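Given next are the chains, with one letter for each unit.
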Amino acid sequence: MLGQQELGIESLANYGSPLDQHPVDAGRLRQVIEKVTRNAGWSQRKNLKGRALGLAAHRSFLSYVGVVASVTKGSTGFLVDEVWIVLDAGRVINPDRCRAQMEGSIINGMNHVLYGGITHQKGAVEQSNFDGIRLVRMGEHPRRIHVEILSSTLAPGGVGEPGVPPVGPAIANAFFALTGKRVREFPILPHLA
């Protein structure tokens, strides 16, 4: 396995650096927002009958992520039918791994926003493991997940966690656009019944 020096990236290391050395770059955040809305066809799709789009963006681990979620309402309820995600993680060494992380982030984020939550009974947590919680099933997955990784020569950022946080707000914003009902706590589905 090649080290940082052999790859020519020793100057790009940033893990453990103080946050004041890596301030938020509003230009990069704006870039992922503009790119993901363009990819989703935001101006053409945002007012379609029975379908709504929601947008959210996030920065963590020196990476910037924009997400657009499309939500529809059918005879069986609400469905997140399509999701677009744009990642600016600086210099990316393994784009296939980053793409897989972003796809997994969508599903993980959907689990949290649609079904996540811990309940208590008489002061004790009712869920003791993953078998005690509801997860997104195969039929509930978006029919398409679109991932774009922006090319960059900037310092590499993280790709494991940054994709998850904007998924929930994007879905919540799409539900609001579709129903006019603002939901401010998760899981979201019980509030839309």
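Now for a description of the structure that goes with this document. Note on numbering: residues in each chain are counted from 1, in written sequence order. Where local features are concerned, this predicted model is filtered to residues with pLDDT of at least 70; where side-chain atom pairs are given and counted, the filter is 80 or more; whole-chain, interface and lining totals use all residues. Heavy atoms from the whole structure form the basis of all side-chain values; hydrogens and water molecules are not counted.

Structural notes on the overall build of the protein chain
- The numbering of helices and of strands both runs from the N terminus, where a helix is a DSSP run of H or I of at least 4 residues and a strand a run of E of at least 2. Along the protein chain, the regular secondary structure elements total five helices and six strands.
- The order of helices and strands in the protein chain, counted from the N terminus, is α-α-α-β-β-β-α-β-β-β-α.
- Burial status follows relative accessibility: with a 1.4 Å probe on protein chains alone, a residue under 20% of its type maximum counts as buried, one over 50% as exposed, and anything between as partly exposed. Taken across its 193 residues, the protein chain has 38% of its residues classed as buried.
- In what follows, a contact means two residues having at least one pair of non-hydrogen atoms within 4.5 Å. Taking contacts inside the protein chain between residues at least 6 apart in sequence as the whole, the part at least 24 apart equals 68%.
- Exposure was quantified through the Shrake-Rupley algorithm and a 1.4 Å probe, taking into account, for residues, occlusion by the shown protein chains and nothing else. Looking at the protein chain as shown, the accessible area adds up to about 11300 Å², and 52% of this sits on carbon and sulfur atoms.

Things to note about helix H4 (residues 95-115)
- Given the number of residues in a helix, its expected span is that number minus one, multiplied by 1.5 Å. Taking 1.5 Å of rise per residue, 21 residues should cover 30 Å, and H4 covers 30 Å from first to last C-alpha, within 8% of that figure.
- Buried residues along H4 sit in contact with strand E3 (77-88), strand E6 (144-149) and helix H5 (167-179).
- Looking one or two places after H4, you find Gly117, whose phi comes out positive at around 145 degrees.

Here we look at unusual backbone geometry
- Between Phe186 and the following residue, Pro187, the backbone shows a cis peptide bond with an omega angle of 0 degrees.
- Relative to the elements of secondary structure, Pro187 occurs in the segment after H5.
- Located in the positive-phi region is Phe61, a residue other than glycine, with phi close to 50 degrees.
- Its place among the elements puts Phe61 in the loop between strand E1 (51-60) and strand E2 (63-74).
- Among the residues examined, Phe61 registers a relative accessible area of 49% and is labelled partly exposed.
- The backbone phi angle of Lys122 is positive, close to 55 degrees, even though this residue is not glycine.

Observations regarding the pairing of E1
- Taken together, the ten bridges between E1 and E2 define a ladder with antiparallel strand orientation. Bridged to Leu55 within E2 is Val68.
- Linking two consecutive strands that pair antiparallel, namely E1 and E2, is a turn of two residues; a positive phi of about 50 degrees is found at Phe61 within it. At least two bridges found by DSSP between two strands is the condition for calling them paired.

Quick word on the side chain of Arg51
- For Arg51, the location among the structural elements is in strand E1.
- With a relative accessible area of 13%, Arg51 lands in the buried category.
- Side-chain polar atoms of Arg51 contact the side chain of Ser70, separated by 2.5 Å.
- Any N or O atom pair separated by 3.5 Å or less is treated as a polar contact, with the protein-specific requirement of one donor-capable and one acceptor-capable atom, and with residues adjacent in sequence counted only for side-chain atom pairs. At 3.0 Å, the side chain of Arg51 and the side chain of Glu82 are in polar contact.

Digging into the pattern of salt bridges
- By definition here, a salt bridge exists when the distance from a side-chain nitrogen of Lys or Arg to a carboxyl oxygen of Asp or Glu is within 4 Å. Per the stated rule, a full pass over the model turns up eight salt bridges.
- Between Asp88 and Arg28 there is a salt bridge; the shortest N-O distance is 2.8 Å. In this pair, Asp88 sits in strand E3 while Arg28 sits in helix H2 (residues 26-40), placing the two residues 60 residues apart along the sequence. Residues Asp88 and Arg28 agree in their burial class; the two are buried.
- The salt bridge involving Arg30 is made with Glu34; its shortest N-O contact spans 2.5 Å. With Arg30 and Glu34 both in helix H2, this residue pair falls four residues apart, about one helical turn.
- A relative accessible area of 35% means that Glu34 is categorised as partly exposed.

What about the nonpolar core?
- In these notes, a set of buried Ala, Val, Leu, Ile, Met, Phe, Trp, Tyr and Cys residues joined through side-chain atoms within 4.5 Å is what counts as a nonpolar core. Core analysis: the largest hydrophobic core is formed by 29 residues, its most contacted members being Ile85, Leu87, Met110, Leu114, Ile171 and Ile188.
- Among the elements that line this core, the one with the most residues is H4, at seven residues.
- What Leu87 contacts, discounting residues up to four positions off in sequence, is Ser63, Tyr64, Val65, Cys98, Met102, Glu148, Ile149, Leu150 and Val159.
- One finds Ala40, Val68, Val86 and Leu150 within the second-largest nonpolar core, a separate group that totals nine residues.

In short, shape yes, function no, at least from these values alone.
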